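# Tertiary structure, described
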There are 2 protein chains.
Amino acid sequence: MLRAGAVRKTLYVLFCAPFLLTPQIQNQPDDGQWTMPAKNYASTRFSTLDQVNSGNVKQLKLAWTFSTGLTRGQEAGPLVVNGTMYIITPWPNLLYALDLTKPGAPRKWTYTPGTSASSQGVACCDVVNRGGVFYKGKIYYNTLDMHTVAVDAVTGKEVWKTTVGDINQGESITMAPLIVKDKVLVGNSGGEFGVRGWLAALDADTGKIAWRGYSAGPDKDVLIGASFKPFYEQDRQKDLGVKSWQGDQWKIGGGAAWSWISYDPDLDLIYYGTSNPGPWNADQRPGDNKWTCTLFARRPETGEVIWAYQMNPHDDHDYDGVNENVLLDLNIQGRLRKVLAHPDRNGRMYILDRATGEVISAESFAYQNTSDGVDPKTGRIHYVASKATGFKTVRDICPAAPGGKDWQPSAFSPRTGYLYLPHNNLCMDLQGVQANYIAGTPYVGANVKMYAGPGGYRGVFSAWDPVQAKNVWSINEMFPVWSGSLVTAGDVAFYGTMDGWFKAVDARTGKPLWQFRTGSGIISQPISYRGPDGKQYIAVLDGVGGWSGAIVAGGLNPQDGTGALGFVNAMKDLPDYTTKGGNLYVFALP
Amino acid sequence: MLRAGAVRKTLYVLFCAPFLLTPQIQNQPDDGQWTMPAKNYASTRFSTLDQVNSGNVKQLKLAWTFSTGLTRGQEAGPLVVNGTMYIITPWPNLLYALDLTKPGAPRKWTYTPGTSASSQGVACCDVVNRGGVFYKGKIYYNTLDMHTVAVDAVTGKEVWKTTVGDINQGESITMAPLIVKDKVLVGNSGGEFGVRGWLAALDADTGKIAWRGYSAGPDKDVLIGASFKPFYEQDRQKDLGVKSWQGDQWKIGGGAAWSWISYDPDLDLIYYGTSNPGPWNADQRPGDNKWTCTLFARRPETGEVIWAYQMNPHDDHDYDGVNENVLLDLNIQGRLRKVLAHPDRNGRMYILDRATGEVISAESFAYQNTSDGVDPKTGRIHYVASKATGFKTVRDICPAAPGGKDWQPSAFSPRTGYLYLPHNNLCMDLQGVQANYIAGTPYVGANVKMYAGPGGYRGVFSAWDPVQAKNVWSINEMFPVWSGSLVTAGDVAFYGTMDGWFKAVDARTGKPLWQFRTGSGIISQPISYRGPDGKQYIAVLDGVGGWSGAIVAGGLNPQDGTGALGFVNAMKDLPDYTTKGGNLYVFALP
């Protein structure tokens, strides 16, 4: 017994101790709640609850359900705070509060923001919403029609509502805000509508806009000043947000901040990425198009940029840089590094020093043939010339526009040291055509046809070792794995599939442990919480849709492969496998 | 042991033997399938499966789900035949085939009948459909826009589609057909649109209309001829379908056959009821208005009427006579009687000799104050004069227009001898106003305000002893119990509530045994079947709606109590308790 204990302790020190240093996780002991989409500022989506574990997960039983009453793509996951569950829906962006202290979780109230119907016209890819955040007694979230709202978490009354942009300029919002130091951080969508991307900070109490940092334009608009210290030489010139464009193209050049934000309290930096430049037709916008496809590190209180790193200069393939940044403190080659792990659309897993923006590694986590490396000196990616796009047709581009991974967020377990990546295996043919800018209308300039990548499957759920920079195990799925992932201290990783299976796998081995057939396909974010009864629950919403599922959620014609910017071509069979939906499923052990 | 066995045998002979005589049940040994909505021609909704019983039902676990992708009221239940489950949706009336032999029951195919969108405009009370029937390799059902379709059960290909009426005349179809001797029996809806009601028989192979029996008009149209032998003197005159009306009012007088049909193979008679006369304003249509609110017994092959019995001559309260007829052979006062049990909208449980149409008993199963008895000599109901309506306002009419019970079908267990009644407890104020007939538009002439009946609850699930003609036990529910019921050989009765609970109770005592929280309220028909794996499954769809739930399914304004013909006034709080939905739930023991 003593011996086994000693061995266990040694293993623990060797393998687990490094991860326990992750300050964001240490600083947020798990109270069984789920107050922000990614669970914590480090965006690990790791639940310390362990009642449900790899040994007993096969006994999971559906405890109760709830219908959102809507059937567009459901990308948000629930929040759980103080015995109440909050659910935010796709357009028209209802907020439901469910009472977890009562049998069947009856509704306490419904908040209806009155989201304008015409905002649906500027949503590139279904009318999704990625969730809200609880902060000091309020639920904060964004509406498709360019508003941020604060709602009293107890009463459901609107506290404030701020107009943050203009749908007539092609702007919309689908992202979940993050709140740091009383600043509600919000970014726009619209990379396919020629918007000028930005991230704004609103005062959490009043809703007043405190700062707005654009993704392109003069340094003063980007909030680049004296504190700006990018790691690489090439990024240190003045006003690159103007100079790396032709003429005024930066004004309609995309770089939207439509996805995830992380925060490191010790370094006092927020991290997020910017979208593709517009239009997709790369010949129409010479230059590096900074700061699109870029990771920004900013101060939360002022918006000042501390460093920036552009993954895809002069993006040729709609490789938005918006994917999540998971903040980890890793022991890499004998040295403790504060890193961020960023699985980019381009198929590479960027491990960056999050204090400086230095690229530590950038290995491929998905099949890709558009780049052959990142120069360690310049930090610049090296593109494969034959895959450069413009006024021509280029075939067999891998990954396709939705990338090796799109918005669907990964999780990280400090127990295994692995990242759990829900992702895609898609390639495309792209024909560049002339795009003409008309405010509020699509500005793309590309005819795209997507299809399954090598192997014929379209999705993957995999475990990635960020220290070794290599894949550990992977599970192929018929359709893109468009849901978020969740991993727990019970060593179970959860994800959902577009054909309607909610799956649990062994976090160490990837062995399938349990699955449940949901009504519709899943593209939302699973969570885990401790109920008022002390039990651990796992919750997920179905409701297929989003860019990948627009063929079902929007009822698109399977005969027109160019629908949903060419995604329909890859998803023609999805309507045979799933139907629209929008139900919550809450599971527990019997 | 011997002694207990002897006692058990005596009890069995005393209490169970009478019910075993029910020929419809004897003739249809349970193969674990569910081929027609009411399970069998006798309409008992009794499953002989007993794996799930009153002792273990609390262990029921959700096995899998399926989303219909639609969120209007779901009144149909599934069919299960040859390892395939079939689901028919509200408008646009999709037919899904799910493969029960594979994990998660993937879809085999979807049949889309192309139901016209404008048919939604003539649906009085949500765009529901009550299901289909399997017969000799095909699935038959009706579409809201007046078509009957036959679909190959294996391939999903349409075999035939017949136009049976005209939505421009206010006709629609919501009922499930019954097939008897290769005749597909179909009736129209539209009692609130001034239609002329009928039941038609279509050839099952070709879809050609074989006969059509109207509910009003000359005897030749009603198919009343030499074989017509009504039990009561008052019904024996010629052409009562004309003479009991003023002028030509019978041509737009309602009497739609929009609900259930039963069949007795031994007597070779089909049984069904006709709807209210139109308009609701009774002063506008003097006379008995035959044959509205009437039970018909017809020959399935020719449509000939053998007998008819009018429950509500000159109906004052929208008391349609369409409710189900459960065919039972009962030992009543020492005599074996072939009866039908018909729980009428007027709140009385009619036990009729189904060979002759004689009223054996007609006791109240729900609170009612509109009639004080049925004359045993004349068969005529005696109305309470103060509740007669017309060009005036009458208050406190009980039951309200949806009746003591509406379409929601009851079940019967030969093991307990009880009928299980899902029903209403509603009263109303009714103000008669002038109705003007314009083809294809509402023809009602009444302003109605409904509210909860005595006790304040709006729904009841009860067990009724048809031999003793009395209530055995009852469970009060907040909202009308608008779902069908199911009872099994495991002595468990199932029903669903509009606030989203699927419930199992002890069939003998009414003791609650188990409940499950569904996403949306339930108004559909639960079923039980044996899966290809040999397990017993219980299946039910959620999706609140129908007349009672139109406030949610149709998004009606709670401020306008006159909405849904006055039902909204009684259901103002429903939106606080449930949301739209449309998911299938399939349960089994672990």
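This write-up is about the structure you can find in this document. (Residues numbered from 1 in each chain as written. Chains lettered and ligands numbered in written order. Predicted model: local features only at pLDDT ≥ 70, side-chain atom pairs only at ≥ 80, totals over all residues. Heavy atoms only, no water.)

### Description of the relation of the copies chain B and chain A
Convention followed: Here the copies were fitted onto each other by least squares, based on C-alpha atoms from residues at pLDDT of at least 70 in both.
In screw terms, the move from chain B to chain A is a rotation of 180° and a rise of 0.0 Å along the axis, fitting with an RMSD of 0.0 Å. Classification of the inter-copy transformation places it as that of a two-fold axis.

### Side note on the nonpolar core
To keep it simple, the criterion reads: Take the buried Ala, Val, Leu, Ile, Met, Phe, Trp, Tyr and Cys residues and link them wherever side-chain atoms come within 4.5 Å; each set so joined is a nonpolar core. Between buried and exposed lies partly exposed: a residue is buried under 20% and exposed over 50% of the maximum accessible area for its type, with that area taken using a 1.4 Å probe on protein chains only. Contacts were defined at the residue level, with two residues in contact if any of their heavy atoms lie within 4.5 Å.
Core analysis: the biggest nonpolar cluster contains 102 residues, and Met85 of chain A together with Met85 of chain B have the highest contact counts within it. Not counting the four nearest positions on each side in its chain, Met85 of chain B is found in contact with Trp64, Pro78, Leu79, Val80, Tyr96, Ala97, Leu98, Leu100, Tyr529, Ala539, Leu584 and Val586 of chain B. By size, the runner-up hydrophobic cluster in this structure holds 77 residues, among which are Met36, Tyr135, Ala256 and Leu430 of chain B.

### Quick notes on the interface of chain B and chain A
When the parts of a complex come together, some accessible area is lost, and that lost area is often used as the size of the interface. What counts is decided by this rule: Take the accessible area each of two parts loses on contact, using a 1.4 Å probe, and add the two losses: that sum is the buried area. One side-chain nitrogen of Lys or Arg within 4 Å of one carboxyl oxygen of Asp or Glu is enough to make a salt bridge. Any pair of N or O atoms that falls within 3.5 Å is considered a polar contact. Within protein, one atom must be able to donate a hydrogen and the other to accept it, and sequence-neighbouring residues count only if both atoms are side-chain atoms.
Contact with chain B, which involves 35 residues of that partner, is made by 35 residues of chain A. Considering only the side of chain B, the residues that lose the most area to chain A are Lys61, Arg107 and Arg517 of chain B, jointly responsible for 25% of the buried surface there. Taken together, the links from chain B to chain A amount to zero salt bridges. Scanning the region where chain B abuts chain A turns up 24 residue pairs in polar contact (both at pLDDT 80 or more).

### Description of the sheet that holds strand E15 (residues 261–264) of chain B
Backbone-to-backbone hydrogen bonds join strands into a sheet, with any given pair of strands oriented parallel or antiparallel. Residue and element names in this part refer to chain B. In plain terms, the rule: Strand pairing is assigned whenever DSSP identifies at least 2 bridges connecting the two strands. A run of H or I in DSSP becomes a helix once it reaches four residues, and a run of E becomes a strand once it reaches two; helices and strands are each numbered from the N terminus. Note on geometry: axes are lines fitted to C-alpha atoms, helical ones only across the stretch in contact, with angles between N-to-C directions running from 0 to 180 degrees.
Strand order in the open sheet formed by four strands is E15-E16-E17-E18, and the pairing between neighbours is antiparallel. Two strands lie at the open edges of the sheet, namely E15 and strand E18 (305–310), each paired on one side alone. When strand polarity is set aside, the average angle formed by the axes of neighbouring strands in this sheet is 15°. Sheet topology note: the E15/strand E16 (residues 269–273) ladder contains four bridges and is antiparallel. Within E16, the residue paired with Ser262 across the bridge is Tyr271.

### Focus on the side chain of Thr115 of chain A
Residues and elements named next belong to chain A. Looking at the element boundaries, Thr115 is found in the loop between strand E6 (107–111) and strand E7 (133–135). Overall, Thr115 belongs to the buried group, its relative accessible area being 7%. Separated by 3.1 Å, the side chain of Thr115 and the backbone oxygen of Pro92 make a polar contact. Residue contacts for Thr115: discarding those within four places in its chain leaves Trp91, Pro92, Asn93, Thr143, Leu144 and Asp145.

### Details of unusual backbone geometry
Cis rather than trans, the peptide bond between Lys290 of chain A and Trp291 of chain A has omega equal to -5°. The omega torsion of the bond from Gly278 of chain B to Pro279 of chain B falls at -5°, within 30 degrees of zero and hence cis. Positive phi, close to 55°, is recorded for Asn289 of chain B, a residue that is not glycine. Along the polypeptide, Asn289 of chain B turns up in the loop between E16 and strand E17 (294–298). For Asp491 of chain B, which is not glycine, the phi torsion reads 60° and is therefore positive. On the secondary structure map, Asp491 of chain B appears in the loop between strand E32 (486–488) and strand E33 (492–496).

### Overview of the state of the cysteines
Residue and element names in this part refer to chain B. Selection rule: When two cysteine sulfur atoms lie within 2.5 Å, the pair is treated as a disulfide.
Inspection of the entire model under this criterion finds four disulfides over all chains. Residue pairing for Cys124: its cysteine sulfur links by disulfide to Cys125, the two sulfurs lying 1.9 Å apart. On the S-S bond that ties Cys124 to Cys125, the torsion sits near -100°, and the link is left-handed. Its relative accessible area of 40% is what places Cys124 among the partly exposed residues. The partner cysteine of Cys398 in its disulfide is Cys427, sulfur to sulfur 2.1 Å. Sign of the S-S torsion, about 110° for the bond between Cys398 and Cys427, identifies this disulfide as right-handed. Residue Cys398 is located in the loop between strand E25 (393–397) and strand E26 (411–413), and its partner Cys427 is located in strand E28 (residues 426–432); the two are separated by 29 residues in the primary sequence.

### Here we look at the pattern of salt bridges
In the structure shown here, the tally under the stated rule is 56 salt bridges over all chains. Here Lys290 of chain A and Asp288 of chain A are joined by a salt bridge, their closest N and O atoms 3.9 Å apart. Note that Lys181 of chain B is salt-bridged to Asp268 of chain B, the shortest N-O span being 3.1 Å. Taken together, the residues Lys181 of chain B in the loop between strand E11 (178–180) and strand E12 (183–187) and Asp268 of chain B in the loop between E15 and E16 connect sequence positions 87 residues apart. Among the residues examined, Lys181 of chain B registers a relative accessible area of 37% and is labelled partly exposed. You can call Asp268 of chain B buried: its relative accessible area is 15%. The network of salt bridges with shared partners includes Asp235, Asp288, Lys290 and Arg380 of chain A.

### Concerning the packing of aromatic side chains
Residues and elements named next belong to chain A. Rules: Side-chain rings of Phe, Tyr and Trp (the six-membered ring for Trp) are treated as a pair once their centres are within 6.5 Å; stacked means planes under 30 degrees apart, edge-to-face means over 60, and tilted covers the remaining angles. Only when the NZ atom of a Lys or the CZ atom of an Arg is both within 6 Å of the ring centre and within 35 degrees of the ring normal do we say a charge sits over the ring.
Applying the stated criterion across every chain yields a total of 61 aromatic pairs over all chains. Between Phe502 and Trp514, the aromatic rings sit 6.0 Å apart at their centres with planes inclined by 85°, giving edge-to-face as the arrangement. With a gap of 12 residues between them, Phe502 in strand E34 (residues 501–506) and Trp514 in strand E35 (residues 512–517) connect regions that are remote in the sequence. The two residues Phe502 and Trp514 agree in class, both being buried. Considering the side-chain rings of Phe502 and Phe587, the 5.7 Å spacing of their centres and the 25° angle between planes classify their relative orientation as stacked. With Phe502 in strand E34 and Phe587 in strand E38 (residues 583–588), the pair connects residues that are 85 residues apart, well separated along the chain. Since its relative accessible area comes to 0%, Phe502 is described here as buried. For Phe587, a relative accessible area of 0% puts it in the buried group. Here the aromatic cluster, defined as three or more aromatic residues joined through ring pairs, consists of Phe494, Phe502, Trp514, Phe516, Tyr585 and Phe587. When the ring centre of Trp260 is taken as reference, the NZ or CZ atom of Arg45 above it lies at 4.9 Å. Over the aromatic face of Tyr214 sits the side chain of Arg196, whose NZ or CZ is 3.9 Å from the ring centroid.

### Section: helix H5 (residues 546–553) of chain B
Residue and element names in this part refer to chain B. By the criterion of burial, H5 is predominantly enclosed, with eight of the eight residues buried. Listed as buried for H5 are Gly546, Trp547, Ser548, Gly549, Ala550, Ile551, Val552 and Ala553. Summarising the contacts, the buried residues of H5 are in contact with strand E29 (446–452) and helix H6 (574–577). Phi for Gly555, located one or two positions after H5, is positive at around 60°.

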